[in-house]
Amino acid sequence: MARFVFYHHPQAENFSLKFSSASVAEILSQREQSDESTKLIGYPFETPVYVLYEGDSEIESAQDIDFDQQWLSDRIRDLPRAGQVVAFRLVELLEAAVDVRDEDEFRLYKEFEPQKIQQALDHVSWGAPLPTVAGEVMSNLILRHSLPNANHRTGIAMLQFCIESVDPDFEMPRTHVDDDSWREWVDPYIVDSKRLITVRRNNLRFKQLEELDVDLVERKDGIQIRLAEFELDMHWREALSKYAEQHESHCTDFGQAVLERAERDDLLDRQGPTKQEFITYLEDGLVERDFREMF
């Protein structure tokens, strides 16, 4: 039977795995040194494994944020114009996702970090073939994780807008079954995306688990990461780069799949937008859009 541990604490999903050991004394020492709120789980394998989880003591509800103009302006005023426009649309998308769901059920796991949006835009190959540009927009927004939730849903929406900036008549194939479920053709892309971004941030922690003979790590959404399938033995900076490249390629494949499913093979070799063309479309092409229809 596979030996698995949880990545997110099963009773407190805002707590994530930070350290593991076969030694009670070592895990307690790590806990004492931590400046964060912590929780411990002992896994009763033949040789027990102890895991330290760190996180915030409370998860905010979406109803705790007031999505008003001043709230957003205070957070994006120092960004270049492109970053401001994308941040504005991302927050509109997040607000729409909250409107579609019950606010009490929509949790905010982190602070809004708009400076990461500009970082994402700086890593896109603007003017490359359309699936590449759209995929890299989606990937880099997901990788930077600027929003407190819904980064995959808003990332896919931005991929759609990127395609529309080249062809405003593009009709996006439906990606959701309902509020909680992706369509069958989309789900494998989301699952593998979440695996890649989790390994990317945790290669050394997962290597430590592997050395303790742990086989699987399971995320809060039931996604299992089989450690033997990933290269973990590298410096964390190398892992950030390696798995970012894999994630970009993965999202580019998704962009191609979107175009093929929409029966728009004519767009596969079309040149993608420049940054300015994309930003102009976000500013001028979405004025009458009801983003709730996208979720």
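Worth saying up front: this structure is predicted, and the values here are computed from it rather than measured.

What counts, and where the lines are drawn
- Residues numbered from 1 in each chain as written.
- Predicted model: local features only at pLDDT ≥ 70, side-chain atom pairs only at ≥ 80, totals over all residues.
- Heavy atoms only, no water.
- Core = buried A, V, L, I, M, F, W, Y, C linked by side-chain atoms within 4.5 Å.
- Buried < 20%, exposed > 50% of the residue type's maximum accessible area, 1.4 Å probe, protein only.
- Helix = DSSP H or I, 4+ residues; strand = E, 2+ residues; numbered from the N terminus.
- Contact = heavy atoms within 4.5 Å.
- Pairing = 2+ DSSP bridges.
- Patch = residues over 30% accessible without salt bridge, like charges linked within 9 Å, V, L, I, M, F, W, Y side chains within 5 Å.
- Areas by Shrake-Rupley, 256 points an atom, 1.4 Å probe, with all protein chains shown as cover.
- Salt bridge = Lys/Arg side-chain N within 4 Å of Asp/Glu carboxyl O.
- Lys, Arg positive; Asp, Glu negative; His and termini not counted.
- Charge placed at Lys NZ, Arg CZ, Asp CG, Glu CD.
- Axes fitted to C-alpha atoms, helices over the stretch in contact; angles between N-to-C directions.

Enquirer: What am I meant to see in the nonpolar core here?
Expert: When a protein is soluble and globular, its nonpolar side chains tend to lie buried together. Judged by nonpolar contacts, the single largest core of 58 residues is most densely connected at Val 86, Leu 93, Met 158, Phe 161, Ile 163, Phe 278 and Leu 282. Elements represented by at least two residues in this core include exactly helix H2 (69-76), helix H3 (81-100), helix H4 (115-121), helix H5 (130-144), helix H6 (151-166), helix H7 (187-211), helix H8 (236-261) and helix H9 (275-284). By residue number, the principal contributor to this core is H3, which donates 10 residues. Apart from residues lying up to four places away in sequence, Met 158 is in contact with Val 86, Arg 89, Leu 90, Leu 93, Val 137, Leu 141, Phe 278 and Leu 282.

Enquirer: Even after reading the chapter, I still don't get the pairing of strand S5 (residues 49-55), so can you show me in this structure?
Expert: In terms of burial, S5 is largely enclosed, as six of its seven residues are buried. Sheet analysis places strand S3 (residues 12-21) next to S5, joined by six bridges and oriented antiparallel. In the strand pairing of S5, Ser 21 is matched with Tyr 50. Where strand S4 (residues 37-43) meets S5, seven bridges bridge the pair, whose relative direction is antiparallel. Along S5, the bridge assignment pairs Ile 41 with Val 51. In sequence, S4 turns back onto S5 through a hairpin of five residues.

Enquirer: Hey, could you run me through a negative patch on the surface in this one?
Expert: Together, Asp 35, Glu 36, Asp 56 and Glu 111 line one region of the surface with negative charge. Take Asp 56: it is sitting in the loop between S5 and strand S6 (60-61). The class for Asp 56 is partly exposed, based on a relative accessible area of 43%.

Enquirer: Hey, could you run me through the environment of Leu 196 in this one?
Expert: Its place among the elements puts Leu 196 in helix H7. A relative accessible area of 9% places Leu 196 in the buried class. In the structure, Leu 196 is positioned 29 residues away from Ile 225 in sequence and 9.1 Å away in space, judged by C-alpha atoms. Sequence-distant contacts of Leu 196, that is, excluding residues within four places in its chain, are made with Phe 230, Tyr 243, Gln 246, His 247 and His 250.

Enquirer: Please clarify how the sheet that holds strand S9 (residues 224-226) should be interpreted in this entry.
Expert: Sheet strands line up and pair through hydrogen bonds in the backbone, either parallel or antiparallel. Overall, mixed pairing links the three strands, which are arranged S1-S8-S9 in an open sheet. With partners counted over all chains shown, the strands left at the sheet margins are strand S1 (4-6) and S9, one partner each. The mean inter-strand angle of the sheet, taken between neighbouring strand axes irrespective of direction, is 25°. Where strand S8 (residues 216-218) meets S9, three bridges bridge the pair, whose relative direction is antiparallel.

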